[in-house]
Amino acid sequence: MVKAFVAKSLDDCLNILNQENVKIVAGGTDMLIQNRTHSGIAIGFKTDVLYVSLVDELKHITEDKSNIYIGATCSLEQILENNLVPKILRDSILEMASPAIRHTATLAGNIGNASPAGDSLVCLYLLDAKLEIKSINSTRYQLLKDFILGVRKIDLAKNEMITKIIIPKINFDLVYFRKVGPRLSDAISKLSFAGALRMENNLVKDIRFAFGAVNIFVVRRREIEEKLIGIDKKTIKDMSDEIIGYYSEFIKPIDDQRSNKLYRKEVCSNLIKEFLEKI
Amino acid sequence: MRDISTSINKVDNDEKTSGKAIYVADIKLDNMLYAFTVRSKIAKGKIIKIDYPELPLGYYIVDYKDIPGKNIVKVIFDDMPIFTEGDITYLYEPIALLIGPDKAVLSKLFAEVKIEYKEEEPVFAWKDSVIHYHFDKGLGKSALEEGKIIEYVYQTGYQEQAYIEPQGFIGYLETDKTTLIGSIQCPYYVKNAVIQALGAKDDEVRVIQAAVGGAFGGKEEFPSLMACQLAVALKKIKQPIQLVYEREEDMLVTTKRHPSRINFKASIKDNKINGLSVHVGIDGGATIGLSGVVLSRALIACTGAYAIDNLDVSGDVYKTNTVPNGAFRGFGAPQMFFAIEMFVEHIAMELGLDPLEFSKSILAKQGDYTSTMGVFRDPVLMPEMIEKALEVSDYNNKKTMFKKQQNLKGVGMSLFFHGCGFTGSGEKNIIKAKVRLKKQFDKVEILIAAVDMGQGVKTTFRKLVAHILEIDIDKVIFNNPDTDFVPDSGPTVASRTMMIVGGLVARATKEVKDRWNEGSFVVEKQYEQPDYIKYDESNFKGDAYPAYSWGVNVVEVEVDRFTYQVKVNKTWAFYDIGKAIDERIVIGQADGGLAQGLAYGYLEVMNHDKGKIMQKNMTDYIIPTAMDMCSMETYLYENPYAYGPYGAKGVGELSLIGGAPAVAKAIENAIGKKVFKIPVTPEYIMELMKNGKD
Amino acid sequence: MAKIKFTLNNEVVEIDKDLNMRLLDVLRNDFNLTGPKEGCGEGECGACAVLLNHEIVNSCCTPLANVMDKEIITIEGFSITERYRIIKEAFAKTGGVQCGFCTPGMIIATESLLNKNPHPNDFEIKIGLSGNLCRCTGYNLIIEAVKEAAKAGEGLW
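What you see is a predicted model; the values in this text were computed from it and never measured.

Basis of the calculations
- Residues numbered from 1 in each chain as written.
- Chains lettered and ligands numbered in written order.
- Predicted model: local features only at pLDDT ≥ 70, side-chain atom pairs only at ≥ 80, totals over all residues.
- Heavy atoms only, no water.
- Domains from an automatic or database assignment.
- Contact = heavy atoms within 4.5 Å.
- Buried area = accessible area lost by both parts, 1.4 Å probe.
- Salt bridge = Lys/Arg side-chain N within 4 Å of Asp/Glu carboxyl O.
- Nonpolar A, V, L, I, M, F, W, Y, C, P; charged D, E, K, R; others polar.
- Phe/Tyr/Trp six-rings, centres within 6.5 Å; stacked < 30°, edge-to-face > 60°.
- Helix = DSSP H or I, 4+ residues; strand = E, 2+ residues; numbered from the N terminus.
- Buried < 20%, exposed > 50% of the residue type's maximum accessible area, 1.4 Å probe, protein only.
- Pairing = 2+ DSSP bridges.
- Axes fitted to C-alpha atoms, helices over the stretch in contact; angles between N-to-C directions.
- Parallel < 35°, antiparallel > 145°, perpendicular 65-115°, else oblique.
- Left-handed = near helix turned anticlockwise from the far one by under 90°.

All names here are of chain B. Once the domains are mapped, chain B shows domain 1 (28-121 + 167-244), domain 2 (260-423 + 540-691) and domain 3 (426-526). At the interface, 17 residues of domain 1 touch 23 residues of domain 2. On the domain 1 side of the interface with domain 2, the three residues burying the most area are Asp79, Tyr90 and Phe216, jointly 32% of the side's total. At the junction of domain 1 with domain 2, the criterion picks out zero salt bridges. When the residues that make up the side of domain 1 that touches domain 2 are grouped by side-chain class, the tally is 10 nonpolar, three polar and four charged.

Below you can see the structure in the form of structure tokens.
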């Protein structure tokens, strides 16, 4: 039988992580499903587990001049209800999970799971989110995009845990998020798209596009975005074909039980258009 | 006295809202064991060898060798083994039960079962016809030799019942009696199947209905398979056993709605359908079971709500190495009504006529012949219902306006009926329903085998009896059916419960009323077919149904021009169900049926890949949530049927049938392209908008 | 195995159990509370819903470890309250109950919603119920029930 450790404080977490070989479980909404075997018996975890959801000191959302800090054990509901959190992230949470899931699931858990269909990741990529990662003797900061190494693969040492999600404060003029699910709520995405724009003197100062569930990583291409800086409003609105072309080689969806690649690809293009129409 | 249609609170509300209602999985018995089902991992072939792990004391394997009676599940067409004897005909075919007291141990043992197979090439193409039907009306095929010929093919996919409570049984032995408590629609189907499996006597098997958490046809014939397996295990082990599926197993192995392909050909003369030729192919899966009866109902509905004089009708059930398909609310009619409603619309478009005007011009009327030369004997209120539909939904105005607009809104209307009760002579020759009322002091107990699976039978039947006797509903008793106490009033299927069983109960109640002062006594009634109903099963000739319920649905949708997602904005529904025994219960059936019908039309995708169902859980098989549903307006019409209690006809299935064609037509109206298959998914809409036919 | 203490239906309980058990199984098998149901086992259907510190959660994907020192209320515990009586009567009045399998979860969802938002609009009600699947009703009569409960229970939430 695998062991279960329950941490009540961050120190507990880091000590246990340092001594034991454990998998971290927060809300458990994904981990329990991934590891379940049969009803009526314990979850079939392959390794010992560390439950962190009772760690209250990580349940805070704070800010300073340049960033928002979301504690790792904050529930999605807490994040949804907090006005400090950028609207686009809150919108994505509202669309991605039912109330029951929102009350227990965490953003850090979503990141730790590193599922390419995770809708919150799309917004976090878009917002250049960073992570605070602690071990018993170190604290380090890493960009989310570097932290995620592949499908369900992350850059986390055995004795480390995510403690905070850090979101830089930026005032965008336009943010846009679309989760394209098989129904209107509470379903895994066929794909998702997030876009953001900041203009200065009628010229593009900062423009961002992120696509979920169309490649093994969330697709965000800084080099394409940089090409568009300095373009005026009228011109950028008419550039959809060009921009679609730029992203074409990175949008490589698959056929599965939820949708097919033709649809996913085409809708990505359409959502680029819709985003540009809104400018 | 109040009109019977006036709603009352359902009698089982309190036990259900408080969580006290007992469903199968809620029952625990002393020394109860659990059963897991060992299943094949291939779609076709033979088992060469099975290596079971060494079983600890108290753990058992039960397979075909333990069956005392026949290794066949008694359904309508008996071709499903209880456990395979070595031949594998579909993926996850049951091989054995692994049984024991500790689920954790079972789970470990289960993973250690090793089976060697000799694989064969499975058949997934629809080429192996195991049932073929054909019938003509009027001039038959020869009517298609003249006039303008229009041909189209329509396809429908799987649909999963997706009852929220998965299938389950619990069983135990009372001395010699095998007792099974289950989540079932048909206590006597289960009992008779178990009797045959055990080679038992009639009084050696007892079947009791637990609270049923939704069924929709899914708990019509499939539970008999589980019950037979469990009964065999009980005989061997002689300890209580629970066999309850979890969601994934339920979705992978239980019966679903038959996918279909329907080819239509019409000859048109003077803007009328002169002749119609139709072929219906359905995928039966690995066993035939109820497929022939499903096909019959589809074929008989081939004219839709219209009168067409000359018909050439044929159909095939194809056997494939896939999970067996079976009963699902509507039973062949939803497939056919989707196809014929689209076809009539497409004919009108091709003739340059207004589709609704064209439909109205060929609508069936009282006295017209049905597809099988039966007669629509009762008044047909469709013209009145359509008029009302046009008025309250502003249909004509919207249809024209939406066509012109850029915003991809659309509106669609479907016209349909449902033949109430069993097809053909089933009631008279096979079911022979019997009901019993027991009067004791000032109370009356209803003894029937009808199951309340949410549709409100417990309430409506008590209300019916109380109303006739003019007594308080508390004086009328109705317990969940237990075959040791209730006679066989037939299965809870085919929209027959209120019309047929309720009709019998009403007759029995009238006798109770006449004899009220006699003290305690029992009244029994058996079904007698109305004299005018004559049906020749083998030639599809005569009255296939004693009565018809009718419906009109209007659906308004909006298609997202970037994602092709469909949002249903509003529905309007109009039903002639004879007479509502309780209006609110009927509205509940109307809403719920339409939700399933709409979702069948645009949302619910299920397919298999080499015999494996790809959407095997509620995450991947998408049924509507509250967010997907819209406001629904329902209008009921009274049109009493002489043999139904207070004139009641069938309700349950009717409300599912019109959803798919109405939503498909609304999408056509929105995107300006013809729709030929359901579900009309965003992926399909994208394809249509690029390459579809105007 | 480990001892774990939590409040269950207003009583402090302690149980010696594998903390990797699902809360749903512990409620149903160890406390014989069978009001929460298993419909899907993966957090989609909401039939297993209970209140955790007065908010709806799916007990099928809540590990026992996560309820340490928390307050759990199941439909059995909730059904002795005045709020329950109002919700129950609203469901009866509108016809929101059919097969009943989703119903305890729907009642819990209604309570969780009204507790946070006593006057929800239609859209908020739909979101509030979006994690609870019902295959019988098409939802409208349940949505009506929530509205009716909010009205009849004015002041209670």
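This next bit is on the packing of aromatic side chains. Evaluated as defined, the whole model comprises 37 aromatic pairs over all chains. Here Tyr154 of chain B and Phe264 of chain B contribute two aromatic rings whose centre-to-centre distance is 6.3 Å and whose plane-to-plane angle is 65°, an arrangement assigned as edge-to-face. Residue Tyr154 of chain B is located in strand E8 (residues 148-156), and its partner Phe264 of chain B is located in strand E13 (residues 260-269); the two are separated by 110 residues in the primary sequence. Across this residue pair, the class does not change: Tyr154 of chain B and Phe264 of chain B are buried. For the pair Phe78 of chain C and Tyr84 of chain C, a centre-to-centre distance of 6.0 Å together with 85° between the ring planes defines the contact as edge-to-face. Its relative accessible area of 4% is what places Phe78 of chain C among the buried residues. Taken together, the ring pairs in this structure connect Tyr176, Phe193, Phe209, Phe211, Tyr247 and Phe275 of chain A into an aromatic cluster.

Let us look at the pattern of salt bridges. Where side chains of opposite charge bring their charged atoms close, a pairing between them can arise. All chains considered together, the criterion is met by 87 salt bridges over all chains. Taking the shortest distance from any N to any O, the salt bridge between Glu204 of chain B and Lys201 of chain B comes out at 3.5 Å. In this structure, Asp576 of chain B and Lys649 of chain B form a salt bridge, with 3.1 Å as the shortest nitrogen-oxygen distance. Taken together, the residues Asp576 of chain B in strand E24 (residues 566-576) and Lys649 of chain B in the loop between strand E27 (631-637) and helix H15 (654-657) connect sequence positions 73 residues apart. Of the two residues, Asp576 of chain B and Lys649 of chain B, both sit in the buried class. Overlapping salt bridges bring together Asp128, Asp206, Arg208, Arg220, Arg222 and Glu225 of chain A as one network.

A few words now on unusual backbone geometry. That bond from Ile678 of chain B to Pro679 of chain B is cis: its omega, 0°, falls within 30 degrees of zero. If you trace the backbone, Pro679 of chain B turns up in the loop between strand E28 (677-678) and helix H17 (682-691). In this structure, Asp128 of chain A takes a positive phi of about 55° despite not being glycine. Its place among the elements puts Asp128 of chain A in the loop between helix H7 (119-126) and strand E6 (130-135). Of the residues examined, Asp128 of chain A reaches a relative accessible area of 19% and is grouped as buried. Even without glycine at this site, Phe540 of chain B takes up a positive phi of about 50°.

Okay, the sheet that holds strand E4 (residues 55-58) of chain C next. All names here are of chain C. In space, the five strands of this open sheet follow the order E2-E1-E5-E3-E4, with mixed pairing throughout. Both edges of this open sheet fall to strand E2 (11-17) and E4, since each of them pairs with a single strand only. Between one strand and the next, the sheet's axes are offset by a mean angle of 40°, whatever the strand orientation. Seen against the sheet, helix H1 (residues 23-30) touches strand E1 (2-8), E2, strand E3 (49-52) and strand E5 (71-73) and runs at an angle of roughly 100° to E2.

At the junction of the two partners, chain A supplies 36 residues and chain C supplies 34 residues. Summing both sides of the interface, chain A and chain C together bury roughly 2700 Å²; the carbon and sulfur share of this comes to 57%. Here chain A and chain C share five salt bridges between them. Among the salt bridges present, the one from Lys116 of chain C reaches Glu81 of chain A, with a minimum N-O distance of 3.4 Å.

Interfaces are often sized by the amount of accessible area the parts lose when they come together. The partner chain B presents 52 residues to the 45 residues of chain C that form the contact. Of the roughly 3700 Å² buried at the junction of chain C and chain B (both faces included), carbon and sulfur atoms supply 55%. Counting the surface chain C buries against chain B, the share from its top three residues, Gln98, Cys99 and Arg135 of chain C, is 21%. For the interface between chain C and chain B, the tally reads four salt bridges.

The description of two helices packed together rests on the angle between their axes and the distance between the axes. Residue and element names in this part refer to chain B. Closest axis-to-axis distance for the helix H14 (residues 583-602)/helix H16 (residues 659-671) pair is 7 Å, and the angle between their directions is 50°. Accordingly, the angle class assigned to the pair H14 and H16 is oblique. For the crossing formed where H14 meets H16, the hand is right-handed. Here Leu594, Gly597, Leu598, Tyr600, Gly601 and Tyr602 of H14 lie close against H16, whose contacting residues are Gly659, Ala660, Val663 and Ile667. Grouping the amino acids of the contact of H14 with H16 by side-chain chemistry returns seven nonpolar, three polar and no charged.

Once that is clear, we can look at the pairing of strand E16 (residues 409-420) of chain B. Residues and elements named next belong to chain B. With 11 of 12 residues buried, E16 is to be regarded as a mostly interior element. Note that E16 and strand E23 (residues 547-559) share 12 bridges and pair antiparallel. Each bridged residue has a counterpart across the sheet, and for Ser414 the counterpart in E23 is Asn553.

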